[in-house]
Amino acid sequence: MHVPPRLILATRNAHKTAEIRAMLGDRFEVLDVTAFPECPHIEETGTTFLENARLKALGISARLDGWVLADDSGLEVDALDGAPGVGSSSYGGEEGNDVLNNLCLLVEMAGNPKRRARFRCTMVLARDGREQAHFTGVVEGRIIHEARGAHGFGYDPLFIPEGCDKTFAELGEDVKNTLSHRSRALAKVVGFLTNDCPAK
Ligand code: ITT
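Figured I'd write up the structure that's included with this text.

Calculation notes
The written sequence of each chain sets the order in which its residues are numbered from 1. Totals for whole chains, interfaces and linings use all residues, but because this is a predicted model, local features are given only for residues with pLDDT of at least 70 and pairs of side-chain atoms are given and counted only at 80 or more. Think of the side-chain values as coming from all heavy atoms in the structure, minus any hydrogens and water. Stacked, edge-to-face and tilted labels apply to pairs of Phe, Tyr and Trp rings (six-membered ring for Trp) whose centres lie within 6.5 Å, assigned for plane angles under 30 degrees, over 60, and everything in between, in that order. Secondary structure follows DSSP: runs of H or I at least 4 residues long count as helices, runs of E at least 2 residues long count as strands, and numbering of each begins at the N terminus. In this scheme, a residue with accessible area under 20% of its type's maximum is buried, one over 50% is exposed, and one in between is partly exposed, where area comes from a 1.4 Å probe on protein chains only. Any Lys NZ or Arg CZ that is within 6 Å of a ring centre and within 35 degrees of that ring's normal is treated as a charge sitting over the ring. Pairing between two strands is assigned when DSSP locates at least 2 bridges connecting them. Here an angle of 0 to 180 degrees is reported between the N-to-C directions of two axes, which are lines fitted to C-alpha atoms, with helices fitted over the stretch in contact. Contact definition: two residues touch when any of their heavy atoms are within 4.5 Å.

1. Some words on the packing of aromatic side chains
The final tally for this structure, using the stated rule, is four aromatic pairs. Between Phe-119 and Phe-168 the ring centres are 6.1 Å apart and the planes differ by 20°, which places this aromatic pair in the stacked class. Remark: Phe-168 occurs in helix 4 (residues 168-171) and Phe-119 occurs in strand 4 (residues 116-127); sequence separation between them is 49 residues. Of the residues examined, Phe-119 reaches a relative accessible area of 6% and is grouped as buried. One aromatic cluster is present, built from ring pairs that chain together Phe-119, Phe-159 and Phe-168. Lying over the aromatic face of Trp-67, Arg-127 brings its terminal NZ or CZ to 4.8 Å of the ring centre. Between the NZ or CZ atom of Lys-176 and the centre of the ring of Phe-168, over which it lies, the distance is 5.6 Å.

2. Observations regarding the pairing of strand 3 (residues 67-77)
Walk down a regular strand and you will see the side chains alternate between the two sheet faces. The buried count for strand 3 comes to 11 of 11 residues, which makes it a mostly enclosed element. Neither face of strand 3 is open: one carries Trp-67, Leu-69, Asp-71, Ser-73, Leu-75 and Val-77, the other Val-68, Ala-70, Asp-72, Gly-74 and Glu-76, and all of them are buried. Relative to strand 3, strand 1 (residues 6-9) is paired through three bridges, and the arrangement is parallel. Along strand 3, the bridge assignment pairs Ile-8 with Val-68.

3. Focus on the sheet that holds strand 4
Strands sit in the order 2-1-3-4-5-6 across an open sheet of six strands; the sheet is mixed. Looking along the sheet, the strands with just one partner apiece sit at the ends: strand 2 (29-32) and strand 6 (159-161). For this sheet the average axis-to-axis angle between neighbouring strands, irrespective of direction, equals 35°. Alignment of strand 3 against strand 4, held across 10 bridges, turns out to be antiparallel. From the neighbouring strand, Val-77 faces strand 4, where its bridge partner is Ala-117. Together, strand 3, strand 4 and strand 5 (130-143) form the strand contacts of helix 2 (residues 49-61), whose direction differs from that of strand 3 by roughly 160°.

Structural data, given as structure tokens:
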């Protein structure tokens, strides 16, 4: 019987876990740190997605055996010089409050015709407390003027990916997972674990 390798996500964001689990299907057994109450909260003190993904991956990998994958991600808006960026999860002033974050973004963008933006996801893969590789995925798009759609999380109701006329929140998880920054980074992780990894 084939036993899929275990991948532990260094995240407490249930939406990230659900998306990654759906994208990996039965190729990996996907858990996140909520299954390991002994794991500490990792402070995200970095100034880049890569620094924060490293802090999370190495902090958890130092305590758990096996493959650990961290995802640090966010929205970069050109008209706001790349904000909210690494501060995406607390842009509205309260960590993880999507409603406030979206409201804050709409206020900052009010009256601004320059709507170009992108989601960026940086993933760090670690094992035995050491980084094995890192990967980035990006999806370009634009910010609309009012929230649309009920699926997804975070800024999904305000973001239309390039080539589409619906927001990620309207498109739903299955379509989002074929286009998203997270799916693009994850495809590289899978390629590495399947083909390139010396420590398989
Ligand atoms: P962990 O650190 O525990 O993984 P987190 O939600 O704090 O969870 P981040 O620090 O990477 O994760 O912040 C990600 C924020 O960026 C998230 O809260 C959203 O506001 C935004 N974001 C990232 N990916 C997104 C996506 O696919 N759709 C919508 N918003 C997204």
